[in-house]
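Coordinate inspection notes
Okay, here's what each chain looks like letter by letter:
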Amino acid sequence: MNTLLFLNILQTILLLAIAAGTAILVYRARVGDRGTRRSLHARRREVFGDVVRILNRLGKTGELRKEELLDFRSRTQDAALLFDEEIAAYIDEIYARGVKLMSTGEAMKGTALPIGEERDAITVENARHTIWLADQIAMVGKKFERYPGLK
């Protein structure tokens with residue numbers, strides 16, 4: 001009889017320990033999930049800030065340097081993991097147009113390109129990318145509006 005009572009008490013203690021362990025694991029998972037959401041939001045804010053910064057740089061100087069574009073690319077390369085497809089494609093387009101702006105700007109500065117149709121075509125392409133990127137300064141807030149708290 002004593003052994004049966006002891007086993008019942010032991011079984012109850014073990015069940016309480018299992019229940020407490022499960023409660024602790026659930027609590028940690030929820031706290032960890034909130035921490036992950038916070039870090040996701042913080043990382044999104046960083047990428048948004050990088051987009052605004054590169055566009056403002058273009059707005060101030062009218063050109064982008066290779067180092068700035070490479071830094072922008074490295075800081076925003078995980079945008080597809082942080083945002084939806086549309087925003088990731090938007091960031092990729094900003095980078096691609098920035099590269100084209102930089103390359104056409106370099107070609108126009110060089111003396112190897114004589115005055116003529118080819119130079120005119122490059123000048124038009126440069127202006128097209130400059131205008132599109134400059135327009136994005138006003139549009140960037142609207143593009144990211146579905147992610148609250150980024151502005």
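To be clear, the structure that these remarks concern was listed above.
Just so it is clear, the structure is predicted and the values come from calculations on it, not from any experiment. Per chain, residues are indexed from 1 in the order of the written sequence. Reporting in this predicted model follows two pLDDT cut-offs: at least 70 for local features of residues, and 80 or more for side-chain atom pairs to be given and counted; totals over whole chains, interfaces and linings ignore these cut-offs and use all residues. Note that the side-chain values use all heavy atoms of the structure and ignore hydrogens as well as water.

Considerations on the pattern of salt bridges
A pair is scored as a salt bridge if a Lys or Arg side-chain nitrogen falls within 4 Å of a carboxyl oxygen belonging to Asp or Glu. A full pass over the atoms with the stated rule returns 12 salt bridges. A salt bridge links Asp 50 to Arg 75; its shortest N-O distance comes to 2.9 Å. Taken together, the residues span a long stretch of sequence, with Asp 50 in helix 1 (residues 2-61) and Arg 75 in helix 2 (residues 66-76) at a distance of 25 residues. Classification of Asp 50 as buried rests on a relative accessible area of 4%. Residues Arg 65 and Glu 67 are paired through a salt bridge, measuring 3.5 Å at the closest nitrogen-oxygen approach. A cluster of three or more residues bridged by salt bridges with shared partners is formed by Arg 57, Arg 65, Glu 67 and Glu 68. Strands here mean DSSP runs of E at least two residues long; helices mean DSSP runs of H or I at least four residues long; both are numbered from the N terminus. The classification of residues rests on relative accessible area computed with a 1.4 Å probe and restricted to protein chains. Under 20% of the type maximum is buried, over 50% is exposed, and intermediate values are partly exposed.

As for the packing of aromatic side chains
In this analysis, rings of Phe, Tyr and Trp, with Trp reduced to its six-membered ring, are considered paired at centre separations within 6.5 Å, and the interplanar angle assigns stacked below 30 degrees, edge-to-face beyond 60, and tilted for intermediate values. What the rule picks out here adds up to five aromatic pairs. Measuring from ring centre to ring centre gives 5.0 Å for Phe 48 and Phe 144, while their planes differ by 70°; the resulting arrangement is edge-to-face. One end of the pair, Phe 48, is in helix 1; the other, Phe 144, is in the segment after helix 5 (117-143), and 96 residues separate them in sequence. Like Phe 48, the residue Phe 144 is buried in the burial classification. Measuring from centroid to centroid gives 6.4 Å for Tyr 90 and Phe 144, while their planes differ by 70°, and the two rings are edge-to-face. Of this pair, Tyr 90 sits in helix 4 (residues 85-109) while Phe 144 is found in the segment after helix 5, placing the two residues 54 residues apart along the sequence. A single burial state applies to Tyr 90 and to Phe 144, both of which are buried. Taken together, the ring pairs connect Phe 48, Phe 83, Tyr 90, Trp 132, Phe 144 and Tyr 147 into an aromatic cluster. Seen from the ring of Tyr 95, Arg 73 lies directly overhead, with NZ or CZ sitting 4.7 Å from the centre. The rule is short: NZ of Lys or CZ of Arg within 6 Å of the ring centre and within 35 degrees of the ring normal puts a charge over the ring.

Digging into the packing of helix 2 against helix 4
Fitted lines through C-alpha atoms give the axes, limited to the stretch in contact for helices. The angle between two N-to-C directions lies from 0 to 180 degrees. The geometry of helix 2 relative to helix 4 is characterised by a closest axis approach of 10 Å and an angle of 165° between their N-to-C directions. The angle between helix 2 and helix 4 falls in the class roughly antiparallel. Crossing angle aside, the handedness with which helix 2 passes helix 4 is left-handed. For the pair helix 2 and helix 4, contact is made by Lys 66, Leu 69, Leu 70, Phe 72, Arg 73 and Thr 76 and by Ile 91, Asp 92, Ile 94, Tyr 95, Gly 98, Val 99 and Met 102, respectively. Polarity classes work like this: nonpolar for Ala, Val, Leu, Ile, Met, Phe, Trp, Tyr, Cys and Pro, charged for Asp, Glu, Lys and Arg, and polar for all others, with Gly in that last group. Residue composition of the contact of helix 2 with helix 4, by class: eight nonpolar, two polar and three charged. When an angle is under 35 degrees it counts as roughly parallel; over 145 it counts as roughly antiparallel; between 65 and 115 it counts as roughly perpendicular; any other value is oblique. Helix crossings fall into two classes, left-handed where the near helix is turned counterclockwise from the far one by less than a right angle and right-handed where it is turned clockwise. In what follows, a contact means two residues having at least one pair of non-hydrogen atoms within 4.5 Å.

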